[in-house]
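# Reading the structure
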Amino acid sequence: MQFLVEQNEKIARDVYRMRLSGDTSAIARPGQFVNLMLDGFYLRRPISVCDWDAQGITIIYKVVGKGTAAMAHYQKGQALDLLTGLGNGYNLKKEIKSPLLVGGGVGVPPLYGLAKEWIKRGIVPTVILGFNAQDEVFYEQEFLALGAKVIVCTADGSYGLKGFATTPMQGLDYDYLFACGPEPMLRAVDKASGDIPGQLSFESRMGCGFGACMGCSCQTLTMNKRICLEGPVMRKGEILWPT
Amino acid sequence: MADLRVNLCGLPLDNPIIPASGTFGFGAEFAKWYNLDILGSISFKGTTMEPRFGNPTPRIAECASGMLNAVGLQNPGVAHVIENELPEMAKLFHKPVIANISGFSLEEYVHCAQLLDAQAQVGILEINISCPNVHGGGMTFGTDPKSAAQVTEAVKRVTTKPIFIKLSPNVTDIAQIARACEDAGADGVSLINTLQGMRIDLRTKRPILKNVMGGLSGPAVFPVAVRMVHQVHQAVKIPIIGMGGISSAEDVIEMMLAGATAVQVGAANLRDPYACKTIIEQLPETMERYGISSLKDIIGGVQI
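Residues numbered from 1 in each chain as written. Chains lettered and ligands numbered in written order. Predicted model: local features only at pLDDT ≥ 70, side-chain atom pairs only at ≥ 80, totals over all residues.

## Examining helix H2 (residues 78-92) of chain B
Residue and element names in this part refer to chain B. Our working rule: Helix numbers and strand numbers start at the N terminus; a helix is a DSSP run of H or I with at least 4 residues, a strand a run of E with at least 2. Take the number of residues in a helix, subtract one, and multiply by 1.5 Å to get its expected span. For a residue, the bend is simply the angle between two axes, fitted respectively to the seven-residue segment ending there and the seven-residue segment starting there. A residue is called partly exposed when the number of other C-beta atoms within 10 Å of its own lies between 12 and 20, exposed at 12 or fewer, and buried at 20 or more, with C-beta atoms placed from the backbone. Once C-beta atoms are placed from the backbone, any two residues with those atoms within 7 Å are in contact.
The terminal C-alpha atoms of H2, which comprises 15 residues, lie 20 Å apart, in line with the 21 Å expected from a rise of 1.5 Å per residue. A maximum bend of about 35° is found in H2 at glutamate 85, where proline proline 87 lies one to four positions downstream. Of the residues making up H2, those classed as buried are Val78, Val81, Glu85 and Met89. At its buried positions, H2 is contacted by strand S6 (97-101) and helix H3 (106-117).

## Regarding the pairing of strand S7 (residues 99-104) of chain A
All names here are of chain A. Definition in use: Two strands qualify as a pair provided DSSP detects at least 2 bridges between them. Whether a crossover is right-handed comes down to one check: with the strands pointing away from the viewer, does the path from the first strand over the helix to the second run clockwise; if it does, it is right-handed.
Most of S7 sits inside the fold, with 6 of its 6 residues counted as buried. The alternating pattern of S7 places Pro99, Leu101 and Gly103 on one face and Leu100, Val102 and Gly104 on the opposite face, and all of these are buried. Judged from the 5 bridges that link them, S7 and strand S11 (residues 176-180) form a sheet pairing that is parallel. Looking across to S11, one finds that valine 102 is bridged to alanine 179. Direction of pairing for S7 relative to strand S8 (residues 126-131): parallel, over a ladder of 5 bridges. Residue pairing for S8: glycine 104 is matched across the bridge by glycine 130. Following the chain from S7 across helix H2 (residues 109-120) to the adjacent parallel S8, one finds a crossover that is right-handed.

## Regarding the sheet that holds strand S5 (residues 56-62) of chain A
Residues and elements named next belong to chain A. Which entries qualify depends on this criterion: Throughout, an axis means a line fitted to C-alpha atoms (over the contacting stretch in the case of helices), and angles, computed between N-to-C directions, take values from 0 to 180 degrees.
A barrel is described by the order of its strands in space; here 6 strands give the closed sequence S1-S2-S5-S4-S3-S6, paired in antiparallel fashion. Going from strand to strand, the sheet's axes swing by 45° on average, the running direction of each strand aside. Sitting on the sheet, H2 touches strand S4 (45-52) and S5, and the angle it makes with S4 is about 30°.

## Considering the confidence of the model for chain B
Short version of the rule: pLDDT is defined as a per-residue confidence score from the predictor, taking values between 0 and 100.
Per-residue confidence for chain B gives a mean pLDDT of 96, with 99% of residues at or over 70. In the predicted assembly, ipTM is 0.93 and pTM is 0.95.

## Notes on the pairing of strand S6 (residues 79-86) of chain A
All names here are of chain A. Counting buried residues along S6, 6 of its 8 residues qualify, which places the element largely inside the surrounding structure. Where strand S1 (residues 2-12) and S6 come together, 3 bridges link them in antiparallel fashion. Bridged to phenylalanine 3 within S6 is leucine 80. Examined bridge by bridge, strand S3 (residues 33-37) and S6 share 4 bridges and lie antiparallel to one another. The residue bridging phenylalanine 33 from the neighbouring strand is leucine 86, located in S6.

## Notes on the sheet that holds strand S3 (residues 17-19) of chain B
Residue and element names in this part refer to chain B. Reading across from one edge, S3-S15-S14-S9-S8-S7-S6 is the order of the 7 strands in this open sheet, with parallel pairing throughout. In this open sheet, the two strands that pair with only one neighbour each are S3 and S6. When strand polarity is set aside, the average angle formed by the axes of neighbouring strands in this sheet is 25°. Relative to strand S8 (residues 163-166), strand S7 (residues 122-128) runs parallel, the two being bridged by 4 bridges. Across the sheet, isoleucine 127 pairs through a bridge with isoleucine 165, a residue of S8. Sitting on the sheet, helix H9 (residues 275-289) touches S3 and strand S15 (262-265), and the angle it makes with S3 is about 180°.

## Quick word on the interface of chain A and chain B
Here is the rule: Put simply, Ala, Val, Leu, Ile, Met, Phe, Trp, Tyr, Cys and Pro go in the nonpolar bin, Asp, Glu, Lys and Arg in the charged bin, and everything else, Gly too, in the polar bin.
Between chain A and chain B, the contact holds 20 residues from the first and 22 residues from the second. It is strand S13 (residues 217-219) of chain A that provides the largest number of residues to the side of chain A that touches chain B, a total of 3 residues. For the side of chain A that touches chain B, the per-class residue count stands at 11 nonpolar, 7 polar and 2 charged.

## Thoughts on the packing of H3(B) against helix H4 (residues 145-158) of chain B
Residues and elements named next belong to chain B. Threshold: By definition, turning the near helix anticlockwise from the far helix through less than a right angle yields a left-handed crossing, and turning it clockwise yields a right-handed one.
Remark: H3 packs on H4, axes separated minimally by 9 Å, with the N-to-C direction vectors making an angle of 35°. Seen from above, H3 lies across H4 with right-handed handedness. Of the residues in H4, those in contact with Leu106, Tyr109, Val110, Ala113 and Gln114 of H3 are Gln150, Val151, Ala154, Val155 and Val158. Here the residues of the contact of H3 with H4 sort into 8 nonpolar, 2 polar and no charged.

Here you go:
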């Protein structure tokens, strides 16, 4: 599916936001991802959807390698081939009354679309945004503008609360956890949330992104899952943490 | 009208395009993108006697014009495949399929082949003696002419359908292995499986693949595959399914000129789920551009 770059700008250290216009009809839930074909790279780059509407999508990505570095050079008007609507996404269950959303680094973007969906349903989520340092912080204002309750923390204390994303969790009142971020962070928030149910979104090195290659398989307590197809969102309690 | 039909050991194919084993599952993931009945056949995910999770992740690494995989034959096991996957596949694809079989012992190959041979929707058995990503099986059978012949003979003895032996390129003389398979009764050969490769992450100084090494596929291996299909075509009389980096209608024609009767498309499916569909759609005009009216006429037609 062809998309056009509308905007591609730096919003924090090594972090860029790209707005693309194109057919978004396959996107059904926050937490799904797209897989971008880049000129000169064989495999696509899977990136979570931050926000979408009928005209296009917003993605936020961090430059970590050659592919994402090439992405940062894309200009307004350039075309990109995307596979959209990939992955299961978050399930906004009806019984949830006070969701807590916890994001770490570039795990933050899909939580924006999720917060937006909760607010559409008349539920104000609490959002914890965890970063390493002040120059990596992004989207605090955007979450506030949605009407979410926002807590920002940095590991070095250079902005917001000093500590990890788990630090502010203890004093909070919530009945459901949604999280996205690096695996050590997910494991920490899984533990910190105790018996409270939740859904965690995982990252993985993928081949195809749509379930064909078995490259991103993982074992869970229930079954083998492909992170790209039966994930990237997993239920708390089914995850088999590496020992 | 361009004639795309070919015949593989008595199995007529509407066109020579077959998605390669391990890149297409049992079809379901692709049926979301297009109607599978346009395909010549489908070589389904490599099946073993017991269910396998495969190797630890990461199992995928990228490289210039290709990729490495070290999936390690993840599959639900032959019993589950027969009971669940094949009936589901029959709803999505209404032509004979190719059953891809792997093993860790002669007995395992024989057992799986016997069970899959009995399935009505299976048209051809493809015996994979060339998986580079498993230990104590797979490729060890495919790098020695004697053991390749042993597997061929043993499988041939218990089956009724044509068997194609899938060969490894990680050998000194692939033609010698192909001849050994032919002499042992193989009805055809499939080549090439992936080439062993390795990548290292400069930041961690560790291999990108947890398995350390993996199999290289994609356009990077295409010239190697063409060369090997040519060599094998000169050495044997049985038909060849050619594969290795095929990504376009031009590549299909080139592979057939080298000696392939049909082709398999692998890594290209993972980069672009529409790859096989696009190739099939572009074949007639590409054939016309090169003055080809029937694909079966060009098999092994390279002028040396």
